[in-house]
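One letter stands for each residue in the lines below.
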Amino acid sequence: MAMCVGMWILLLALHVQGGDGQMVQMDSSKSGFVGSQVELRCIFSNSNPPVKISQVTWQKLLNGTKQNVAIANPALGVSVLSPFKERVSFKQAAVRHRTPSLEDTTIVFSNLQLSDEAAYICEYTTFPAGNRENMVNLTVFARPMTRMTLTTPTIVARAQKRKMTVATCVSANGKPPSVIKWDTRLKGEATFQETRNQNGTVTVRSNYVVVPSRETHKQKLTCIVSYRNEKITDSVVLNVQYEPDVKIEGFDGNWYLNRPNVQLTCRADANPPVTIYQWKLLNGSLPSNVEIKNNTLFFKGPVTYDLAGTYVCDATNGIGTRTGIVDVNITDFPNVPTTQTQEIPQEQHNAGAAIGGAVGGVALLGVAAILLFIFLRRRQRTFKGDYSTKKHVFGNGYSKAGGLPAHPPIPKNLQYPDDSDDEKKPAQIGGTGGFEASDRDFDGEQEDLKRPYFTVDEGESRDYDERTLAFQYDPEPEIADDMISQTDGSVISKKE
């Protein structure tokens, strides 16, 4: 239908067919809601000299078929045809006069109906110019009827935790169709369905699905319907019935002998409220000094060992029965409350933290200083130095002044262990007797040069006898004050 109307608009356009200047002025489109009122404008622009208007005819064009709506004739007067007679009229009263003025033949539609949607032609019959016409497209909107309802007045939370539709939002008979959204804190899901009606309207239906539970009770569920530029909201509050959620209060873990005034209370969150509370003691009967009032057990007198055990509370409402359990144990003496250590004022806590941090810092610095001292001490004792500045000591412990002598020759039959910084101790090779002093000529400098080369350990003053090198060494001289001995047996000047 819309395509046909568009083709007629293109064919007829907004101008009068012909070249003598007459024109029928109309709006290209008009719209209104069902039940409202709308004007369809039609004005004839006459020429100079003016032409004679013989008749004005309004026609409804639907699916290629024309249907007369209203006629204005100077001689016959005004006529509105059925089914528009009760709802269509000419706006200008001059049209209805005995000598009518037909230049403005605008009509008024009252109480619009969906069936009024169509293209409308305003045709002028003139003499001698002939027929002149134009067309307007009328669109009729239908505002939807929106409603939101609970699926059932009573929503029951079952132990199986099955999903169910709790609310339905409907936007009925809308044109164009509306859009439905949900606003809620519930963790559910929505389903949507559109139904097109015979009169051209659309009904949109959305169901909200959720698993009923204690947490969904008293939750708000809002349906938001968007229609054109309008928003329509409707809300419900879920009333979910569920079994009691039971807890036993009163036992603080510190029931000791002779403690007075202890009690246990059965707390139950339920919808509808709990109607029956039942107390019992597992593997036994309730103590004789117990008094039951509603949901509370009052223990008369001081605490005794007889109160120990597992207490059970059964709470029943119209949906079901649930149970709460607590194990009561009795101690000889009160437990020291741990909360006292936790209730230290914040200022004291901060001060203690600051003092502890300072003490820890001082201790850390002390440990670092000790480690540094040990490191430097070991470094001093193990320093090898520059061997170009070391004073090599020969057999008698003296070196020659004025420079370092060449290293004395090593006897061929002396063997040393692998090179290291340890003391060089010759090992005897071949023969059991070693070297005899009588076998060699030792005198003066030659004697020193011919003696085996070795270094003197710091603070070492032991004598070497014939079992070591088969000849005696002279006693070690004292080291000069400006010299420092090293762990490898050499000495080094303090200046160096």
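Everything in this summary refers to the structure shown in the same document. (Residues numbered from 1 in each chain as written. Predicted model: local features only at pLDDT ≥ 70, side-chain atom pairs only at ≥ 80, totals over all residues. Heavy atoms only, no water.)

### Regarding the side chain of Thr126
- Tracing the sequence through the fold places Thr126 in strand β10 (residues 118-127).
- There is a polar contact of 2.5 Å between the side chain of Thr126 and the backbone oxygen of Gly130.
- Beyond its immediate stretch of four places on either side in the chain, Thr126 contacts Phe44, Val51, Lys52, Ile53 and Ser54. (Helix = DSSP H or I, 4+ residues; strand = E, 2+ residues; numbered from the N terminus. Polar contact = N/O pair within 3.5 Å; in protein donor to acceptor, adjacent residues only side chain to side chain. Contact = heavy atoms within 4.5 Å.)

### Some thoughts on the packing of aromatic side chains
- This structure, assessed with the given rule, holds nine aromatic pairs.
- Consider the rings of Phe33 and Phe141, whose centres lie 5.7 Å apart with planes at 50°: the pair is tilted. In this pair, Phe33 is assigned in strand β2 (residues 29-33) and Phe141 in strand β11 (residues 130-141), connecting sequence segments 108 residues apart.
- Phe141 sits in the buried class, given a relative accessible area of 15%.
- Among the aromatic side chains, those forming a connected cluster through ring pairs are Phe251, Trp255, Phe299 and Tyr311.
- Geometry around Phe33 places Arg143 over its ring, the cationic atom sitting 4.2 Å from the centre.
- The ring of Phe141 carries the charged tip of Arg228 above its face, separated from the ring centre by 4.0 Å. (Phe/Tyr/Trp six-rings, centres within 6.5 Å; stacked < 30°, edge-to-face > 60°. Buried < 20%, exposed > 50% of the residue type's maximum accessible area, 1.4 Å probe, protein only. Lys NZ or Arg CZ within 6 Å of the ring centre and 35° of its normal.)

### Digging into unusual backbone geometry
- Across the junction of Ser82 and Pro83, the peptide omega takes the value 10°, indicating a cis bond.
- Here Pro83 shows up in the loop between β7 (77-80) and β8 (88-90).
- Unusually for a residue other than glycine, Asn173 sits at a positive phi of about 55°.
- Tracing the chain through its elements places Asn173 in strand β14 (residues 164-174).

### Comments concerning the sheet that holds β10
- The six strands lie next to each other as β2-β11-β10-β5-β6-β7, forming an open sheet whose pairing is mixed. Where the open sheet ends on each side, the last strands, each with one partner, are β2 and β7. The average undirected angle you get between the axes of adjacent strands in this sheet is 25°.
- Of the pairings in the sheet, the one linking strand β5 (residues 52-62) to strand β6 (residues 65-73) comprises seven bridges and is antiparallel in character. Its bridge partner lying in β6, Thr57 is registered against Ile71. (Pairing = 2+ DSSP bridges. Axes fitted to C-alpha atoms, helices over the stretch in contact; angles between N-to-C directions.)

### A short note on the sheet that holds strand β23 (residues 276-281)
- An order of β23-β26-β27 is seen for the three strands of this open sheet, with the pairing classed as antiparallel. The two strands at the open ends of the sheet, each matched to only one other strand, are β23 and β27 (321-328). For this sheet the average axis-to-axis angle between neighbouring strands, irrespective of direction, equals 20°.
- Where strand β26 (residues 309-316) meets β27, eight bridges bridge the pair, whose relative direction is antiparallel.

### Some points on the state of the cysteines
- Under the defined criterion, the tally for this structure stands at three disulfides.
- Across a sulfur-sulfur distance of 1.7 Å, Cys169 and Cys223 are joined as a disulfide pair. In this structure the cystine formed by Cys169 and Cys223 twists about its S-S bond by roughly -70°; its chirality is therefore left-handed. In this pair, Cys169 sits in strand β14 while Cys223 sits in strand β18 (residues 220-227), placing the two residues 54 residues apart along the sequence.
- According to the relative accessible area criterion, Cys169 is buried, its value standing at 0%. (Disulfide = S-S within 2.5 Å.)

### Some words on the pattern of salt bridges
- Taken as a whole and judged by the stated rule, the model has 15 salt bridges.
- Linking Lys91 and Glu39 is a salt bridge whose minimum nitrogen-to-oxygen distance equals 3.2 Å. Of the two residues, Lys91 sits in the loop between β8 and β9 (107-109) while Glu39 sits in strand β3 (residues 38-40), which places them 52 residues apart along the sequence.
- For Glu39, a relative accessible area of 32% puts it in the partly exposed group.
- Residues Asp269 and Arg214 are paired through a salt bridge, measuring 3.2 Å at the closest nitrogen-oxygen approach. In this pair, Asp269 is assigned in strand β22 (residues 262-271) and Arg214 in the loop between β17 (202-210) and β18, connecting sequence segments 55 residues apart.
- You can call Asp269 partly exposed: its relative accessible area is 33%.
- One connected set of salt bridges, linked through shared partners, spans Arg214, Glu215, Asp245 and Asp269. (Salt bridge = Lys/Arg side-chain N within 4 Å of Asp/Glu carboxyl O.)

None of this, on its own, says anything about what the molecule does.
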